[in-house]
Amino acid sequence: ANMQGKIITGLFLTMSMIVPLASVFLGYAATYANELEKNIPQRLNLFGISQSRLFTNKLIANYIFFTFCLLVYSISVFLVKIEPPKIAPLLVWLLVLYIFSAFLLALAHGIASMIKSFGPTYGVVMGVYFAIMILSGMMGVTIDNLPKFIQPLSNLLPTSKMGGGFVEYWVGGSYNFAPLIQSMIFFGAVSFIVLLISFKVGSRKTK
């Protein structure tokens, strides 16, 4: 009974990482791939709207949608008894979620831009979505129970860092930020490399 609040809080923090995965990554990849099939970005380019400007505007729009989804999720979960957060952990949690959402949008934009077809794009991002969930211990198998050769890959994902020790930080304890920062840097680098490659491929095709 004494541990119930921390257990529920740990689930809340872990599952909160699914909100950007579902609302931003899956949703954006599907809609943008559909736009690419209809040549909408190419038409916008004729009016002087560059790929980078288009991406920035879509990031703002998706941030608004993500904020709404996060509010709905948080309000529904706060009706259940979870440990009340301190100010600093709450701000860190929100910062991680919003930065992670930007990385996911960049990854989704890059994948959709390179494939340019709704069906294959949705298949790829759905595969990445479930792979991240499995590697992050969200599918019933904890990271400790994954094969040893897969565990280092799990540790590179930000989604695997929001449970466990972060709960202690949430309620006012200490927390080692190094693994979280390293995982964010790794995931961000991969996402923006994919995005830059897609920009390069797209610019060659428009010339």
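Fair warning: this is a prediction, and the values are worked out from it, not measured in the lab.

Draft legend 1. Representation of a nonpolar patch on the surface within the structure. On the surface, a nonpolar cluster with roughly 380 Å² of combined accessible area is contributed by Met114, Ile115, Val124, Ile193 and Ile197. Taken together, the elements giving at least two residues each to the nonpolar patch come down to α5 (87–115) and α9 (178–206). Position of Ile197 relative to the elements: it lies in helix α9. Look at Ile197 and you get partly exposed, because its relative accessible area is 41%.

Draft legend 2. Molecular detail of helix α4 (residues 51–78). Its 28 residues give α4 an end-to-end C-alpha distance of 39 Å, which sits within 8% of 40 Å, the value for a rise of 1.5 Å per residue. Of all the positions in α4, only Leu54, Phe55, Lys58, Leu59, Asn62, Phe66, Cys69, Leu70, Tyr73, Ser74 and Val77 are classed as buried.

Draft legend 3. Looking closely at the nonpolar core. Of all hydrophobic cores here, the largest spans 56 residues; its most connected members are Phe12, Phe25, Trp93, Phe166 and Phe187. Taken together, the elements giving at least two residues each to this core come down to α1 (4–16), α2 (18–37), α4, α5, α6 (118–135), α8 (165–170) and α9. Sorting elements by how many residues they give to this core places α5 first, with 14 residues. The residues touching Phe25, leaving out its near neighbours within four places in the chain, are Pro20, Leu104, Leu107, Ala108, Ile111, Val125, Val128 and Tyr129.

Draft legend 4. Structural view of the environment of Asn34. Among the secondary structure elements, Asn34 is positioned in helix α2. Here the alpha-carbon distance between Asn34 and Pro179, two residues 145 residues apart in the chain, equals 37 Å.

Draft legend 5. Examining the packing of α2 against α4 more closely. Orientation of α2 relative to α4, taken along the N-to-C sense of each, is 140 degrees, at an axis distance of 10 Å. By the angle class used here, α2 and α4 are oblique. Of the two possible hands of crossing, α2 and α4 adopt the one that is right-handed. Two secondary-structure elements touch here, α2 through Val19, Pro20, Ser23, Val24, Tyr28, Tyr32 and Glu35 and α4 through Leu54, Lys58, Asn62, Phe65, Phe66, Cys69, Leu70 and Tyr73.

Draft legend 6. Representation of the pattern of salt bridges. Per the counting criterion, the structure on display carries one salt bridge. Between Lys58 and Glu35 there is a salt bridge whose closest N-O contact spans 3.0 Å. In this pair, Lys58 is assigned in helix α4 and Glu35 in helix α2, connecting sequence segments 23 residues apart.

Draft legend 7. Looking closely at the packing of α4 against α5. It is at 10 Å that the axes of α4 and α5 come closest, and there the two elements cross at 135 degrees. In terms of axis orientation, α4 runs oblique to α5. α5 is crossed by α4, and the crossing has right-handed handedness. For the pair α4 and α5, the contacting residues are Phe55, Lys58, Leu59, Asn62, Tyr63, Phe66, Thr67, Leu70 and Ser74 in the first and Trp93, Leu94, Leu97, Tyr98, Ile99, Ser101, Ala102, Leu105, Ala106 and His109 in the second. For the contact of α4 with α5, the class distribution of residues is 13 nonpolar, five polar and one charged.

Draft legend 8. Region of interest: the packing of aromatic side chains. Scanning the entire structure with this criterion turns up 16 aromatic pairs. Considering the side-chain rings of Tyr28 and Tyr32, the 5.5 Å spacing of their centres and the 10 degrees angle between planes classify their relative orientation as stacked. Of the two residues, Tyr28 and Tyr32 both sit in helix α2, four residues apart, roughly one turn of that helix. Seen from their ring centres, Tyr169 and Phe177 are 5.2 Å apart, and the 85 degrees between their planes marks the pair as edge-to-face.

Draft legend 9. Expanded view of the side chain of Thr121. Mapped onto the fold, Thr121 is located in helix α6. Here Thr121 falls in the buried class, since its relative accessible area comes to 0%. Thr121 has contacts with Ala29, Ala33, Ile111, Ala112, Ile115 and Lys116, leaving out every residue within four places of it along the chain.

Cut-offs used in this document
- Residues numbered from 1 in each chain as written.
- Predicted model: local features only at pLDDT ≥ 70, side-chain atom pairs only at ≥ 80, totals over all residues.
- Heavy atoms only, no water.
- Patch = residues over 30% accessible without salt bridge, like charges linked within 9 Å, V, L, I, M, F, W, Y side chains within 5 Å.
- Areas by Shrake-Rupley, 256 points an atom, 1.4 Å probe, with all protein chains shown as cover.
- Salt bridge = Lys/Arg side-chain N within 4 Å of Asp/Glu carboxyl O.
- Helix = DSSP H or I, 4+ residues; strand = E, 2+ residues; numbered from the N terminus.
- Buried < 20%, exposed > 50% of the residue type's maximum accessible area, 1.4 Å probe, protein only.
- Expected span 1.5 Å × (residues − 1).
- Core = buried A, V, L, I, M, F, W, Y, C linked by side-chain atoms within 4.5 Å.
- Contact = heavy atoms within 4.5 Å.
- Axes fitted to C-alpha atoms, helices over the stretch in contact; angles between N-to-C directions.
- Parallel < 35°, antiparallel > 145°, perpendicular 65-115°, else oblique.
- Left-handed = near helix turned anticlockwise from the far one by under 90°.
- Nonpolar A, V, L, I, M, F, W, Y, C, P; charged D, E, K, R; others polar.
- Phe/Tyr/Trp six-rings, centres within 6.5 Å; stacked < 30°, edge-to-face > 60°.

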